[in-house]
Amino acid sequence: MNLNSVDLNLLVALDALLREANVSRAAMRLNLSQPATSHALQRLRDLIGDPLLVRNGARMELTPRAQALRSPLANALDQVRALFVSDDFDAARSDRHFRLMMPDLAVELLMPPLMEKVTLIAPNVTIDVVPWRGPAIFTPEFARTIDLVISIGDSFKGFHRQRLYTDSDALAVRRGHGVGTKLKKREAFLAARHVAVIIRGQNEDLIDTWLRAKGIERRIALVVPGYIEALHVTARTDLVAFVPRRLISALSKQLSLMTVTPPLDPGIDEQHMFYPTRAQMDPGSLWLRKLILETGRELEGRKA
């Protein structure tokens, strides 16, 4: 193909059409009229030799060729955009908006000290934290909409990983609990009524997956979607929560909780920072990653 004969603006139109699978919505995304977008679609069909969008009943669907184009096109456009991004990042003057995804425990442990740094160094920068949505969300399209992810996990396609901090799990018990430190004993642990935490994207609490492999079943009295909810319930009942030790320590005074070492050693948890491959050399991403890594090291340096 002779690129001199191709209007590269068509790639932007193609990206919108592949994202929306709808001419009207693609036109809105492109800020074009519907006839102009339909004309662009026809030019793309002629250029690529594929219908790209086909009608199926009342809606349009992407052809297999169009589906195959989504990821490489997104990556190509990101690389083109990077050509026009400034090679420096002035934190003091920047009004950049960063979007992060993380579970509630990472928000509780990392965001207060991180925001102290951001407020001092980059007062006009804003950070939007969205809740953890499970590993299935990690697609090329998602990678274009997120700056950083904090999570456990080995790897996610299209993302680089850096270790942030380590933790271990312990039992959270309200102060004045009738059993209290006796939960260190296996019999008391098995007799207790527990709060399970099943985060979006998981089928069960990871602690139960680990316990079941050892032939142990807890008495689950309540299931909640986050660690913070588990600790709030634990603080006001005789239920017990098996959660990250650093989180219990961070909220122990506020919620009147105590930490009890469980009768079985669950080992070490590692929280990681993931960032999209496209942002590897982005100055703003480098700046934010450096701050978060510093915050993680400071957290790890404190006794849980």
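Below or above, wherever it landed, is the structure these notes cover. (Residues numbered from 1 in each chain as written. Predicted model: local features only at pLDDT ≥ 70, side-chain atom pairs only at ≥ 80, totals over all residues. Heavy atoms only, no water.)

## Side note on the overall build of the protein chain
Check the secondary structure of the protein chain and you find 11 helices and 11 strands. The 304 residues of the protein chain split such that 45% are buried. Here the contacts in the protein chain between residues at least 6 apart in sequence split such that 74% fall between residues at least 24 apart. Accessible surface, the protein chain: about 16,400 Å² in total, of which carbon and sulfur atoms supply 52%. Distance between charge centres in the protein chain, computed from 41 positive and 34 negative side chains, equals 4 Å. (Helix = DSSP H or I, 4+ residues; strand = E, 2+ residues; numbered from the N terminus. Buried < 20%, exposed > 50% of the residue type's maximum accessible area, 1.4 Å probe, protein only. Contact = heavy atoms within 4.5 Å. Areas by Shrake-Rupley, 256 points an atom, 1.4 Å probe, with all protein chains shown as cover. Lys, Arg positive; Asp, Glu negative; His and termini not counted. Charge placed at Lys NZ, Arg CZ, Asp CG, Glu CD.)

## Observations concerning the side chain of D169
With respect to the helices, strands and loops of the structure, D169 is situated in strand β6 (residues 159-174). In this structure, D169 is buried with no salt-bridge partner, the nearest side chain bearing the opposite charge being R245 at 8.3 Å. With residues up to four places along the chain from it excluded, the contact list for D169 reads I207, F242, V243, P244, R245, P262, P266, G267 and D269. (Salt bridge = Lys/Arg side-chain N within 4 Å of Asp/Glu carboxyl O.)

## Some remarks on the environment of V54
Relative to the helices and strands, V54 is located in strand β1 (residues 53-56). V54 sits in the partly exposed class, given a relative accessible area of 31%. Taking the C-alpha atoms as reference points, V54 and A21, 33 residues apart in sequence, are found 9.2 Å from one another. Apart from residues lying up to four places away in sequence, V54 is in contact with R59, M60, E61 and T63.

## With respect to the pattern of salt bridges
Overall, the coordinates contain 19 salt bridges when judged by the stated rule. Salt-bridge contacts for R144 lead to D15; the nearest nitrogen and oxygen are separated by 3.1 Å. Within this pair, whereas R144 is found in the loop between α6 (140-143) and β5 (148-151), its partner D15 is found in helix α1 (residues 9-20), the two being separated by 129 residues in sequence. Judged by relative accessible area, D15 falls into the buried class, the value being 10%. In this structure, K117 engages E298 in a salt bridge whose closest nitrogen and oxygen atoms are separated by 2.9 Å. In this pair, K117 sits in helix α5 (residues 104-121) while E298 sits in helix α11 (residues 283-301), placing the two residues 181 residues apart along the sequence. A residue is classified by how much of its surface remains accessible, and K117, at 15% relative accessible area, is buried. Linked by salt bridges that have partners in common, D15, R19, R70, E141 and R144 make up one network.

## Structural notes on the pairing of strand β11 (residues 268-276)
Looking at chain direction, β5 and β11 are connected through 3 bridges and run antiparallel. Bridge pairing in β11 links S151 to H272. Bridge count between β6 and β11: 9 bridges; the pairing is antiparallel. Looking across to β11, one finds that T166 is bridged to E270. (Pairing = 2+ DSSP bridges.)

## Observations concerning the packing of helix α9 (residues 227-235) against helix α10 (residues 245-255)
The description of two packed helices rests on the angle between their axes and on the distance between the axes. Remark: α9 packs on α10, axes separated minimally by 11 Å, with the N-to-C direction vectors making an angle of 40°. It follows that α9 is oblique to α10 by the angle criterion. Classified by chirality, the crossing of α10 by α9 is right-handed. Counting all contacts with α9, which are made through Y227, I228, L231, H232 and A235, the residues of α10 involved are L247, I248, L251 and L255. (Axes fitted to C-alpha atoms, helices over the stretch in contact; angles between N-to-C directions. Parallel < 35°, antiparallel > 145°, perpendicular 65-115°, else oblique. Left-handed = near helix turned anticlockwise from the far one by under 90°.)

## Some words on α9
Residues of α9 that are buried include every one of Y227, I228, A230, L231, T234 and A235, and no others. Down the axis of α9, the buried set is contained in an arc of 160°. They therefore lie on one face. (Arc of directions from axis to C-beta.)

## Re the environment of P244
Structurally, P244 is set in strand β9 (residues 240-244). Between the C-alpha atom of P244 and that of L83, which follows or precedes it by 161 residues, the distance is 43 Å. Once you skip the residues sitting within four places of it in the chain, P244 turns out to touch L105, D167, S168, D169 and Y227.

## Let's talk about unusual backbone geometry
We note that A21 has phi near 50°; this positive angle belongs to a residue other than glycine. Looking at the secondary structure, you find A21 in the loop between α1 and α2 (23-30). Taking relative accessible area as the criterion, A21 reaches 19% and is therefore assigned buried. Despite not being glycine, L52 shows a phi value in the positive range, around 70°.

## Overview of the packing of aromatic side chains
Counting across every chain of the model gives 11 aromatic pairs. Judged by centre distance (5.4 Å) and plane angle (70°), the ring pair of F138 and F142 falls under edge-to-face. Residues F138 and F159 carry aromatic rings whose centres are separated by 5.0 Å and whose planes lie at 75° to one another, so their mutual orientation is edge-to-face. Remark: F159 occurs in strand β6 and F138 occurs in the loop between β4 (126-131) and α6; sequence separation between them is 21 residues. There is no split in this pair, since F138 and F159 are both buried. Feature note: the residues W132, F138, F142, F156, F159 and F274 constitute an aromatic cluster, connected by ring pairs. In this structure, R289 packs its charged tip against the face of Y275, placed 3.7 Å from the ring centre. (Phe/Tyr/Trp six-rings, centres within 6.5 Å; stacked < 30°, edge-to-face > 60°. Lys NZ or Arg CZ within 6 Å of the ring centre and 35° of its normal.)

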